[in-house]
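Chains, contacts and geometry: an overview
Here's the letter readout for the chains.
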Amino acid sequence: MTAPTLLGVLLPVVPLAAGLAGLLLPPSPRGLAADGGRGAATGEQRARRAAITLAVAGAAGALALAVALLATLDGSVEASTTWVDLAGLRVTLGVRLDGAAALVAVAVGAVALAVQVYSIGYLKRGPHDDVDVDHRYPPYAAQISLFTAAMLLVVVSGDLLLLLVGWEVMGLCSYLLIAHDRRLPEAPAAAVKAFLVTRVGDVGFLLGIALLGVSAGSFRIADVLAHDHAPGTLTAACLLLLAGVAGKSAQFPLHTWLPDAMAGPTPISALIHAATMVAAGVYAVARLYPLFEAAPVALTVLGVLGSITLLLGAFAATAQDDIKRVLAWSTVSQIGYMTGALAVGSPAAALFHLLTHAAFKALLFLAAGAVIHAVGTTLMSRMGGLRGSMPLTFWCTLVGLGALAGLPPLAGFWSKDGVLAVAQAAALDGEGPTPSWLGWLVWLAGLVGVAVTAWYATRLLLRTFLGEPRTPLASPHDPPGTLRWPVLLLAVPAALLGLAGFAAPFADWLQPAPLASPERPSDLLPAEPLVHLTPSVVLPLALLLLGAGLAWARWRRDPSADPAAALGPLRPLFAAAFRLDDVQHALVVRPVRALARAVRTGDERVVDGAVEGSGRAASGLGAGLATLHRAALPRAAAAVLAGALLIGLAAALIGGAA
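Residues numbered from 1 in each chain as written. Predicted model: local features only at pLDDT ≥ 70, side-chain atom pairs only at ≥ 80, totals over all residues. Heavy atoms only, no water.

**Some points on the environment of Gly22**
Put simply, the test is: Numbering of helices and strands starts at the N terminus; helices are DSSP runs of H or I of at least 4 residues and strands are runs of E of at least 2. Whether two residues are in contact is decided by their heavy atoms, any of which lying within 4.5 Å being enough.
Assignment of secondary structure puts Gly22 in helix H1 (residues 3-23). In the structure, Gly22 is positioned 119 residues away from Ala141 in sequence and 7.3 Å away in space, judged by C-alpha atoms. Other than its neighbours up to four places away in sequence, Gly22 contacts Leu54, Pro138 and Ala142.

Rendered as structure tokens:
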């Protein structure tokens, strides 16, 4: 086994081992001791220290392995062994490693480590907490480790069924972590919604994998990519895969779970939005991109859905008062940029934006967590004036919002400009595997998204940090060390990661793994550039300044007012995300519930009624026969004589007739 292969195998194993060991720790031994709780408190502290050690060691180990893999990997590496052979249909255990997998693994490991360290302080029992509140840190930290392991399994897997295992474990971990805080009544409902909505998409994802595996005679990714699938089968399989991608990556129409998932702890929001769930769908399409390239209908559907999602998320973010929901809707929108890049034929641009988005979105969520930790609310209407008391958080948030909006020279500028450049080329020059009208759609949606993103990013900064405090606080301050250092360190890639796009090796790493086939001469072509410094960059910069300037001008007129008031009658519609939740409730939830009630009624009254009715009839018949059997002797004798008489009469009639 070569060194890269060993590193690839260990990548998901290390956090998996840390997570499984962490699940063995007692979640809350408080109250189990008979010495006034002192022994139980000591036991809880020991469990917490052990959980911290396991969690940080697992995430740090995963990051170290990912960095080592990136340093030692030279080209693509494939290693597998047959696990199950079902009449010629092979399922393998193995890894498929390339530069893109190594870079995404580094991003996952870095964000997971930041979240684990941040959570140490974020979930620590404070002096004002009720002593009965159970923060349940050990299972929380263990579930983050399992979440990380599942995503890394998706990243390195060389088999579609093995990838599906990581895909589904992520769904389970997201359910557990979103519902972690039992004090919030909305958390369990949000967790159930996330689980069910993503499961709807996962049904299609599973069927798509089954179609590809049966068609190729193997679930090994290399075999599936190299096989010559029938056009109809390939298109159907890719469309089914897109259902799972829409669910995991919160794309229209399966996007509604992600904003509600903000009921979970803020570090979990950072993990879901930056490194795991929402990134998994984009990465899966990039991983299987040769299949989608051969199925332009599927890419066209992806581009249309991505464009809708891009604008939907951006406009919904403009009217939110909850700071976490603003960031959640921004994630929905930014994933639309990535799927748009995939649709117009550039997986490298999509992965580049995925990596920069992981950096600045993790930074923004953790900085928002620091603000929430200081002021005790998620509502921007109760914030304001925090720049002076929280300067470090302010500057880090400024870097993150600048990268989100695409402000040069921050990371988001280079990656978002790369997406707009490939969309422009698809629109104007007809490049890419999809029709030019799709390029126009993605490009125009992306340009509108630039202006709207700059508007709501500026509004968030102004409402949170500038102006006068709207809720007087005793002493808001920058967070303690365990919360501060992850935010500071994430600010570095959020500011500088985009400059990696100038390095040719970085562009090479982000290309899909080549197929060793003479029929694919494109493998010999140089990697497409990630950075496009052309005159066309002026247009998105002008739109950025327009969006930010409009929000700033509105705020300068009345610093106490919300710039979202400029939306007028559209504000409630945007705040409700165009009421698509209500539409889904009317078109899906209510009919399904009505059908479930009808099935239950039919089961209880028809099926159960028939079974119970036959039982009651048998019991009644038995009771009647028992009553006759227990008749008095004279009545019984009369009945016997009557029966004999009837039998004799029948015999006489039959004999006479003969």
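After that view of the structure, there is still more to cover.
**A word on the packing of aromatic side chains**
For the record, the criterion: Aromatic rings from Phe, Tyr and Trp, taking only the six-membered ring of Trp, are treated as a pair when their centres fall within 6.5 Å; an angle between ring planes under 30 degrees marks them as stacked, one over 60 as edge-to-face, and anything in between as tilted. Think of it in three bands: with a 1.4 Å probe and only protein chains considered, a residue is buried below 20% of the maximum accessible area for its type, exposed above 50%, and partly exposed in between.
Within this structure, the stated rule accounts for 13 aromatic pairs. For the ring pair Trp167 and Phe205, a centre distance of 4.1 Å and an interplane angle of 5° mean the geometry is stacked. Linking Trp167 in helix H5 (residues 160-178) with Phe205 in helix H6 (residues 186-216), this pair joins segments that are 38 residues apart in sequence. For the residue pair Trp167 and Phe205, the accessibility class agrees, reading buried in each case.

**Structural notes on the packing of H6 against helix H8 (residues 231-248)**
Put simply, the rule reads: To get an axis, fit a line to the C-alpha atoms, keeping to the stretch in contact for a helix; angles then go from 0 to 180 degrees between the N-to-C directions. Any angle from 65 to 115 degrees is called roughly perpendicular, while one under 35 is roughly parallel, one over 145 is roughly antiparallel, and all others are oblique. Each crossing gets its handedness from the near helix: less than a right angle anticlockwise from the far helix is left-handed, clockwise is right-handed.
Running from amino to carboxyl end, H6 crosses H8 at an angle of 150°, the nearest separation of the two axes being 7 Å. Classified by the angle their axes make, H6 and H8 are roughly antiparallel. In terms of crossing hand, the pair formed by H6 and H8 is left-handed. When H6 is examined against H8, the residues Thr198, Arg199, Gly201, Asp202, Gly204, Phe205, Leu207, Gly208, Ile209, Leu211, Leu212 and Ser215 are found in contact with a partner set consisting of Thr233, Leu234, Ala236, Ala237, Leu240, Leu241, Ala243, Gly244, Gly247 and Lys248.

**Looking at the pairing of strand E2 (residues 89-97)**
Put simply, the rule reads: Here, any two strands with at least 2 DSSP bridges between them count as paired.
Across nine bridges, the pairing between strand E1 (residues 77-86) and E2 is antiparallel. Each residue of the ladder has a partner; that of Glu78, found in E2, is Arg96. Here E1 hands over to E2 after two residues, with Ala87 in that stretch at a positive phi of 50°.

**Description of the side chain of Thr434**
Put simply, the rule is: Under this definition, polar contacts are N or O atom pairs within 3.5 Å; protein pairs additionally need one hydrogen-donor-capable and one acceptor-capable atom, and for neighbouring residues in sequence, both atoms have to be side-chain atoms.
Summarising the element assignment, Thr434 is placed in the loop between helix H17 (411-428) and helix H18 (436-465). Of the polar contacts made by the side chain of Thr434, one reaches the backbone oxygen of Ala343; its length is 3.0 Å. Leaving out residues up to four positions away in the same chain, Thr434 has contacts with Pro296, Leu299, Thr300, Ala343 and Val344.

**Brief notes about helix H14 (residues 323-343)**
The condition that has to hold: Take the residue count of a helix, subtract one, and multiply by 1.5 Å to get its expected span.
For H14, which comprises 21 residues, the first-to-last C-alpha distance of 31 Å matches the rise-based estimate of 30 Å (1.5 Å per residue) to within 8%. For H14, the buried fraction is high: 20 of the 21 residues fall into the buried class. Put simply, Asp322 is the residue that caps the front of H14, since its side-chain oxygen is 2.9 Å from the backbone nitrogen of Lys324. Downstream of H14 by one or two residues, Gly345 has phi in the positive range, about 100°.

**Some words on a nonpolar patch on the surface**
Test applied: Only residues whose relative accessible area exceeds 30% and that form no salt bridge enter a patch; like-charged residues are grouped when within 9 Å of one another, and nonpolar side chains (Val, Leu, Ile, Met, Phe, Trp, Tyr) when within 5 Å. For accessible areas, the Shrake-Rupley method is used with a probe of radius 1.4 Å. Any residue's cover is judged against the shown protein chains and nothing else. Salt bridges are defined as contacts in which a side-chain nitrogen from Lys or Arg sits within 4 Å of a carboxyl oxygen from Asp or Glu.
Taken together, the side chains of Leu172, Tyr175, Leu176, Val192 and Leu196 make up a nonpolar region of the molecular surface, amounting to roughly 410 Å² of accessible area. Only H5 and H6 provide two or more residues apiece to the nonpolar patch. With respect to the helices, strands and loops of the structure, Val192 is situated in helix H6.

**As for the pattern of salt bridges**
Between side chains of opposite charge, a pair can form as their charged atoms come close. Counted by the stated rule, this structure contains 16 salt bridges. The salt bridge involving Arg571 is made with Asp562; its shortest N-O contact spans 2.8 Å. Take Arg571: its relative accessible area is 26%, and that puts it in the partly exposed class. As a salt-bridge pair, Asp582 and Arg579 come within 3.8 Å of each other at their nearest N and O atoms. Judged by its relative accessible area of 41%, Arg579 is partly exposed. Where salt bridges share partners, they join Glu78, Arg90, Arg96, Arg220 and Asp223 into one cluster.

**Topic: the confidence of the model for the chain**
Operational definition: pLDDT expresses how confident the predictor is about each individual residue, on a scale running from 0 to 100.
In the predicted model, the chain carries a mean pLDDT of 87, and the fraction of residues at 70 or more is 92%. Note that residues 29-36 has pLDDT below 50 and, in this model, 12 contacts with residues that lie over four places away or in other chains. Every residue in residues 515-526 is under pLDDT 50, and counting partners more than four places away or in other chains gives seven contacts.

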